[in-house]
Each structure stands twice: as C-alpha cells, then as structure tokens.
Amino acid sequence: MRVKFFKDKDLTSDFRYNRAMKKLNKHIILGVTGGIAAYKSAELLRRLQDTGATVQVVMTEAAKEFITPLTFQALSGRAVRDDLFDSAAEAGMGHIELARWADLILVAPATADFIADLAQGRAGHLLSTLCLATDAPIAVAPAMNHQMWHNTVTQQNLSQLADRNIHVLGPAAGHQACGETGYGRMLDVPDLVDSIEGIFANDLLAGKRVVITAGPTREALDPVRYLTNYSSGKMGFALAEAAVEAGAFVTLIAGPTVLDTPNKVERINIETAVEMNARVLEHVEDCDIFIGSAAVADYRPSEIQTKKIKKTNDTLTLELIRNPDIIKNVSALKNKPFIVGFAAETNDIIAAAKNKLVNKGMDLIIANDIGRKDSGFDVDSNEVTILSEEYQEAMPLMSKKLLAKKIIEMIAKEN
Ligand code: CTP
C-alpha cells in the first residue's frame with residue numbers, strides 16, 4: 001500500500017476553509033436546533049472560531065437528541081445555554097444581555113419547526129427568545145427533508161423571514177439523511193462561513209477614506225498623574241468596524257483604551273489632545289469623511305512637572321490651558337472632508353448640539369445624554385439624536401455596534 005504524505009502546503013491549499021480565514025472577530029450565538037445536520041454544527045463552530053469569533057452555543061431540547069451539549073462546551077470553552085429559566089446561567093449573563101452581546105445569531109441547522117417559530121415571533125424557548133430580543137442580524141441555515149422544504153407553509157414562513165431581513169442561507173440540494181434526494185441539506189460549512197462574511201459586508205462607503213478619533217485623551221500633570229475622562233472608545237471603535245464593513249479605508253486615531261483594533265483598521269495610538277490633533281492633521285488631508293468621536297480634553301496643565309507633586313499644602317491649584325479644537329481645525333481646511341462630530345451633553349442637549357454643529361462647521365452631529373446610566377460613556381449602549389442643518393432624528397436605545405451601522409448608513413446617504 002502506498003501512503004501519500006501531504007506537505008503542509010498541500011493540506012492548506014486543499015482546505016476550502018482557508019477562504020474563510022479572514023478575521024471577523026465577532027460575537028456569534030450559534031443556535032442549534034433538532035435536525036440530523038446538528039453533527040455538522042461542531043465543525044461549523046470550529047470554523048467560526050477560525051474567523052476570530054467568540055461563539056456561544058444555544059441548543060434547543062430537540063438538538064440534544066442529536067448531539068450533546070458537552071461536545072459544544074468542549075469546543076467553545078463556554079457552557080452551552082439551553083434554558084430560558086436557568087437561574088444560574090441567567091445570573092451570569094441574562095438572556096437580554098446575551099441577545100445584546102451578539103453581533104450575529106446564526107441558527108444552523110434550522111428545522112422547519114424553528115423557522116415556523118421565528119416567522120410567528122414566538123418566544124417559547126431560549127433560542128427563539130434571543131432572536132426576538134436581539135438587534136443583531138439573524139441568519140438561518142435550513143435543514144430538513146425536501147418535501148418539508150417545498151411545503152407551502154414552510155415557504156410562506158421563509159418569505160416572512162426574508163421580509164424581516166433575516167438571512168436564509170441555503171439549503172443545498174443533494175442526497176439527504178432520510179435517503180431521498182432534493183433541496184433541504186444544510187449548506188456546507190465553508191459556504192456557511194463565507195455567507196457570514198457577506199452578512200457583515202456592504203459597499204456603502206466603498207473606496208472612501210475615513211479618519212476617526214476615539215477614546216479619551218490623557219493630559220499629564222507630573223510623572224505619575226494625569227487628567228482624563230470616562231470615555232471607553234467603544235463608540236469610535238464600533239464606527240471604525242462599521243466603516244470597514246462598508247468598504248472604507250479607515251484610520252483610527254485612538255486615545256488610551258483596552259479595546260482590540262477592529263479588522264483591517266489602521267490604528268494610531270496617542271495620549272494627549274495635542275498629539276491627537278497633530279496625527280489627525282497629518283492624515284485628514286485626502287480623506288473623504290472625518291468622524292470625531294474622541295472625548296478630547298478641552299484643557300491640559302500649563303506645565304508638566306518633571307518631579308512628583310508633593311502634598312505640601314492643604315489646597316493645590318492647577319493652571320490649565322486650552323487644547324486645540326480638533327474638529328474646528330479640520331473644518332478650517334481648504335479641502336475639508338464631510339465632518340461628523342459628537343455632542344456629549346447633560347442638559348439642553350439638542351440646542352447645545354445644534355450650536356456645536358454650526359460653530360464647528362460639522363455636517364452631522366450625534367447628540368447624546370451622558371447623564372444617563374445606560375447611554376454615553378463607558379457602556380455598550382447609546383440613545384442619541386442625529387442632527388444636521390436640515391434634519392433631526394431621535395434614535396431609540398440600542399447597542400453601540402448597531403448605532404455605528406446606522407450612523408454609517410446616514411453618512412453614506414450624504415457621500
Ligand atoms: N472635540 C474636538 N476637539 C476638542 C474638543 C472636542 O475635536 N478639543 C470634538 C469631539 O470629538 C466631539 C465634538 O468636538 O466630536 C464635541 O465635543 P464636546 O466635548 O461635546 O464639546 P466641546 O467642544 O468640548 O464643548 P463643551 O465641552 O464646552 O461642551
């Protein structure tokens with residue numbers, strides 16, 4: 001018998017999965033429902049992880065007849081969620097939080113029964129509840145006998161899903177586990193992973209150059225102390241990610257944050273407002289869109305002490321001087337880009353934002369109330385009003401990731 005030895009190169013070039021190695025770094029809920037194709041979901045989980053995804057598996061009761069939760073737990077490194085009323089799991093991450101955590105809910109395989117649940121908006125179990133509670137995209141990979149697939153009621157349910165912008169991936173045609181042949185096989189794993197890239201991508205800003213500022217700035221007082229603010233950078237980073245997904249080339253000029261750089265984003269780290277201003281002016285020249293989402297310190301200490309300030313007196317007076325206004329500087333450029341800014345306010349929010357829009361020469365401003373606990377600085381959600389000179393739109397409370405997509409859609413309409 002001859003044994004063929006593969007070189008590493010042969011193996012990788014053989015693997016269609018390599019097409020999907022692009023890093024998406026998403027939070028994905030992988031919903032597994034009760035069909036024989038559930039055995040393929042373990043492989044799907046692995047391939048999703050190859051795209052940088054963190055995968056939380058949610059199973060229905062019927063799914064557990066086909067594959068054990070332990071398999072998914074071992075592969076994902078996370079306990080499988082399967083019960084809406086599991087008080088221990090709910091205490092860790094409640095189902096509403098989980099629905100918000102997700103960038104995508106992918107149900108694979110999706111049985112005819114689950115598709116019917118989804119079409120009717122039912123919330124009888126954890127997975128269907130998550131689908132109702134999320135603002136992330138939902139995709140289903142149907143897997144069923146071909147007669148069930150062709151049944152009018154299944155097709156009606158699917159067209160309802162399509163009307164609600166739920167992505168239906170597949171099915172494929174071929175030999176089925178029931179011994180028959182036809183449409184109803186779950187799409188192959190590499191094709192599913194490829195389709196997911198497509199869900200996140202659009203060409204709203206194809207080829208545009210976008211410069212974004214994000215996060216706080218840090219203004220040194222002495223070798224151990226600095227002035228800063230509560231900004232986490234989450235909104236700016238979400239905007240950078242959404243702009244890349246819309247086909248833009250993105251430069252992100254970021255103050256100190258713990259956030260990971262989104263895929264394909266050119267990141268420049270800075271500390272102070274003066275540095276941020278300099279980096280912006282270097283990069284903004286030939287850009288189409290500038291988004292100032294950073295919480296730039298308006299003042300910096302007039303002098304940075306070279307030695308640690310000692311507590312010699314009962315009071316300490318600091319002298320602060322004005323920092324450059326970055327948006328104003330961009331606005332003053334001869335070739336100014338489309339400018340988007342934020343107005344972080346605690347009172348008279350709309351009036352203050354309108355003033356800033358005009359005074360700083362912006363095209364669009366996003367006004368947010370930073371006095372609230374669930375909106376603004378250092379949280380995952382935001383409730384804002386988007387204003388231009390011509391219009392004003394109040395947005396409901398939503399995740400910063402979804403809001404970033406909406407803002408990018410608005411910017412794209414004007415560019
Ligand atoms: N901004 C800027 N440069 C500064 C201060 C703010 O580019 N030195 C930008 C922010 O990134 C944001 C917008 O200006 O997009 C408004 O920021 P905000 O802090 O709300 O307003 P300020 O201009 O600082 O005014 P005030 O603090 O007086 O409300």
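Residues numbered from 1 in each chain as written. Predicted model: local features only at pLDDT ≥ 70, side-chain atom pairs only at ≥ 80, totals over all residues. Heavy atoms only, no water.

1. What to know about the nonpolar core
In step 1: Residues Leu-205, Leu-239, Val-250, Ile-291, Ile-407, Ile-408 and Ile-411 are the most contacted members of the largest nonpolar core, which totals 37 residues.
In step 2: Counting residues per element, the ones that place at least two in this core are strand S8 (209-214), helix H11 (234-245), strand S11 (249-254), strand S13 (289-292), strand S16 (338-345), strand S17 (364-369), strand S19 (384-387) and helix H15 (400-414).
In step 3: When neighbours within four sequence positions are excluded, Leu-239 is seen to be in contact with Ile-212, Ile-291, Ser-293, Phe-342, Ala-404, Ile-407 and Ile-408.
In step 4: One finds Leu-44, Leu-48, Val-55 and Val-80 within the second-largest nonpolar core, a separate group that totals 33 residues. (Core = buried A, V, L, I, M, F, W, Y, C linked by side-chain atoms within 4.5 Å. Buried < 20%, exposed > 50% of the residue type's maximum accessible area, 1.4 Å probe, protein only. Helix = DSSP H or I, 4+ residues; strand = E, 2+ residues; numbered from the N terminus. Contact = heavy atoms within 4.5 Å.)

2. Some points on the packing of aromatic side chains
Aromatic ring pairs are defined here through the distance separating the ring centres and the angle between the ring planes.
In step 1: For the structure on display, the rule yields zero aromatic pairs.
In step 2: Taking NZ or CZ as reference, Lys-26 lies 4.5 Å from the ring centre of Phe-200, over its face.
In step 3: Cation over ring: Arg-218 sits above Tyr-226, and NZ or CZ is 4.3 Å from the ring centre. (Phe/Tyr/Trp six-rings, centres within 6.5 Å; stacked < 30°, edge-to-face > 60°. Lys NZ or Arg CZ within 6 Å of the ring centre and 35° of its normal.)

3. Some words on the pattern of salt bridges
In step 1: Evaluation of the coordinates by the stated rule reveals 15 salt bridges.
In step 2: Its salt-bridge partner being Arg-209, residue Asp-286 comes within 3.4 Å of it at the nearest N-O pair. Separated by 77 residues along the polypeptide, Asp-286 in the loop between helix H12 (273-284) and S13 and Arg-209 in strand S8 bring together distant segments of the chain.
In step 3: Residue classification places Asp-286 among the exposed residues on the basis of a relative accessible area of 55%.
In step 4: A salt bridge links Glu-241 to Lys-401, with the nearest nitrogen and oxygen atoms 4.0 Å apart. Of the two residues, Glu-241 sits in helix H11 while Lys-401 sits in helix H15, which places them 160 residues apart along the sequence.
In step 5: The class of Glu-241 is buried, set by a relative accessible area of 17%.
In step 6: Residue class for Lys-401 comes out partly exposed when judged on its relative accessible area of 34%.
In step 7: Three or more residues are tied together by salt bridges with common partners; here these are Lys-26, Asp-103, Glu-241, Glu-245 and Lys-401. (Salt bridge = Lys/Arg side-chain N within 4 Å of Asp/Glu carboxyl O.)

4. Brief notes about H12
Each full turn of the α-helix corresponds to 3.6 residues, which orients residues three or four apart in the same direction.
In step 1: For H12, which comprises twelve residues, the first-to-last C-alpha distance of 16 Å matches the rise-based estimate of 16 Å (1.5 Å per residue) to within 8%.
In step 2: When H12 is considered as a whole, its buried residues turn out to be Ala-273, Met-276, Asn-277, Val-280, His-283 and Val-284. Each buried residue of H12 sits inside an arc of 140° when the element is viewed along its axis, so together they form one side.
In step 3: On its buried side, H12 packs onto S8, strand S9 (219-222), S11, strand S12 (266-269), S13 and helix H13 (326-331). (Expected span 1.5 Å × (residues − 1). Arc of directions from axis to C-beta.)

5. What about the packing of helix H6 (residues 112-120) against helix H9 (residues 152-163)?
In step 1: Their axes nearest at 9 Å, the elements H6 and H9 cross at an angle of 50°. By the angle between their directions, the pair H6 and H9 is classed as oblique. The handedness of the crossing between H6 and H9 is left-handed. Of H9, the residues touching H6 (which contributes Ile-115, Ala-116, Leu-118 and Ala-119) are Asn-157, Leu-158, Gln-160 and Leu-161. (Axes fitted to C-alpha atoms, helices over the stretch in contact; angles between N-to-C directions. Parallel < 35°, antiparallel > 145°, perpendicular 65-115°, else oblique. Left-handed = near helix turned anticlockwise from the far one by under 90°.)

6. Regarding the site of the ligand
In step 1: Lining the immediate environment of the ligand, one finds 14 residues, of which Gly-292, Ala-294, Phe-342, Lys-356 and Lys-360 sit closest.
In step 2: Here an oxygen atom of the ligand and a backbone polar atom of Gly-292 are 2.6 Å apart.
In step 3: Of all the secondary-structure elements, those providing two or more residues to the shell around the ligand are H13 and S16.
In step 4: In terms of residue count, S16 provides more of the shell around the ligand than any other element does, four residues in total.
In step 5: Across the shell around the ligand, the residue classes tally to eight nonpolar, two polar and four charged. (Near = heavy atom within 4 Å. Polar contact = N/O pair within 3.5 Å; in protein donor to acceptor, adjacent residues only side chain to side chain. Nonpolar A, V, L, I, M, F, W, Y, C, P; charged D, E, K, R; others polar.)

7. Details of the side chain of Ser-232
In step 1: Counting through the fold element by element, Ser-232 comes out in the loop between strand S10 (225-227) and H11.
In step 2: A relative accessible area of 15% places Ser-232 in the buried class.
In step 3: Reaching out from Ser-232, the side chain makes a polar contact with the backbone nitrogen of Lys-234 at a distance of 3.2 Å.

8. Focus: the environment of Val-280
In step 1: Checked against the element boundaries, Val-280 lands in helix H12.
In step 2: When the C-alpha positions of Val-280 and Ile-327 are compared, they lie 9.4 Å apart, and in sequence the two are 47 residues distant.
In step 3: Other than its neighbours up to four places away in sequence, Val-280 contacts Thr-213, Ile-253, Phe-290, Ile-326 and Val-330.

9. Here's the deal with the environment of Cys-287
In step 1: Here Cys-287 shows up in the loop between H12 and S13.
In step 2: The buried category is assigned to Cys-287, whose relative accessible area is 7%.
In step 3: Along the chain, Cys-287 and Asp-135 lie 152 residues apart, while their C-alpha atoms are 31 Å from each other.
In step 4: Residues within four places of Cys-287 in sequence aside, it is in contact with Arg-209, Val-211 and Pro-337.

As far as function goes, none of this settles anything; it's purely spatial.
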